Amino acid sequence: MRVRQYVYFALFSRHTSAEEMARWLGIEPDETTVRGSRRTEPVRPISHSWKIVCREPDLRVDEQISRVLDRLRPHADRIAELAERLRTEYEEHGGAVLQVVRYLNDHEESPPSDAMYPESPQEPNPLGWHLTRDVLDFLTATGAALDVDEYDMA
């Protein structure tokens, strides 16, 4: 089975821009998004997000998560402060999330690599992943939710 996946940690808000979040944290994001309203007049963003992302294709999900969190752990206190502020000020429209996105049976990707598509049972399975105690502790400390989206592209 072909699997394409990526992971990101995001801070999101209805009102606080990604640029403001970056200034607060002192960390430049890998990506930012601004999702607009359905109205064209006046256009008002309904969601800003600041993201640290791992899209390395030959890693399991838990390895991608480790790469992202290794970059964020030194800043966990500031991330937790900002996430709490966003959550408090904007209720369900602000906070932090660790997002896992997986496309199963994805035929648009290049041929599989040996690491993601093992030939022997001893090699890692791209479908299996787990969260370590360290990951759970980081999510708890920052008040982040875990969101996993999986899409069957068959």
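Refer to the preceding data block for the structure.
All values derive from a computational prediction rather than experimental measurement. (Residues numbered from 1 in each chain as written. Predicted model: local features only at pLDDT ≥ 70, side-chain atom pairs only at ≥ 80, totals over all residues. Heavy atoms only, no water.)

A short note on the overall build of the protein chain
Then, in step 1: Of the regular secondary structure elements, the protein chain holds four helices and five strands.
Then, in step 2: Secondary structure of the protein chain in N-to-C order comes out as β-α-β-β-α-α-β-α-β.
Then, in step 3: By the burial criterion, 40% of the 154 residues in the protein chain qualify as buried.
Then, in step 4: Considering only intrachain contacts with a sequence separation of at least 6, the fraction spanning at least 24 residues in the protein chain is 75%. (Helix = DSSP H or I, 4+ residues; strand = E, 2+ residues; numbered from the N terminus. Buried < 20%, exposed > 50% of the residue type's maximum accessible area, 1.4 Å probe, protein only. Contact = heavy atoms within 4.5 Å.)

Notes on the nonpolar core
Then, in step 1: Grouped together as the largest cluster of nonpolar side chains are 29 residues, with contacts concentrated most on Phe9, Leu11, Trp50, Ile65, Val68 and Leu72.
Then, in step 2: Those elements that provide at least two residues to this core are strand 1 (3-13), helix 1 (18-25), strand 3 (45-54), helix 2 (61-72), helix 3 (76-90), strand 4 (95-104) and helix 4 (133-142).
Then, in step 3: With sequence-adjacent residues up to four places away left out, Leu72 is seen in contact with Phe9, Trp50, Ile52, Ile79 and Phe138.
Then, in step 4: Tyr6, Val97, Val101 and Tyr103 belong to the second largest nonpolar core, which has seven residues in total. (Core = buried A, V, L, I, M, F, W, Y, C linked by side-chain atoms within 4.5 Å.)

Remarks on the side chain of Ser47
Then, in step 1: Note on placement: Ser47 falls in strand 3.
Then, in step 2: Ser47 gets classed as buried once you look at its relative accessible area, which sits at 18%.
Then, in step 3: Other than its neighbours up to four places away in sequence, Ser47 contacts Ser13, Thr33, Val34 and Arg35.

Some thoughts on the pattern of salt bridges
Then, in step 1: Across all of its chains, the model carries 11 salt bridges by this definition.
Then, in step 2: Here Arg60 and Asp62 are joined by a salt bridge, their closest N and O atoms 3.0 Å apart.
Then, in step 3: Arg60 sits in the partly exposed class, given a relative accessible area of 22%.
Then, in step 4: Overall, the relative accessible area of 9% leaves Asp62 in the buried class.
Then, in step 5: The shortest N-O distance in the salt bridge between Glu63 and Arg60 comes to 3.4 Å.
Then, in step 6: Residues joined in a network through salt bridges with shared partners are Arg60, Asp62 and Glu63. (Salt bridge = Lys/Arg side-chain N within 4 Å of Asp/Glu carboxyl O.)

Remarks on helix 2
Then, in step 1: Taking 1.5 Å as the rise per residue, helix 2 with 12 residues should run 16 Å; its terminal C-alpha atoms sit 17 Å apart, in good agreement.
Then, in step 2: Those residues of helix 2 that fall on the buried side of the exposure criterion are Val61, Asp62, Gln64, Ile65, Val68, Leu69 and Leu72. For helix 2, the arc enclosing every buried residue in end-on projection is 155 degrees, short of the 170-degree limit, so these residues lie on one face. (Expected span 1.5 Å × (residues − 1). Arc of directions from axis to C-beta.)

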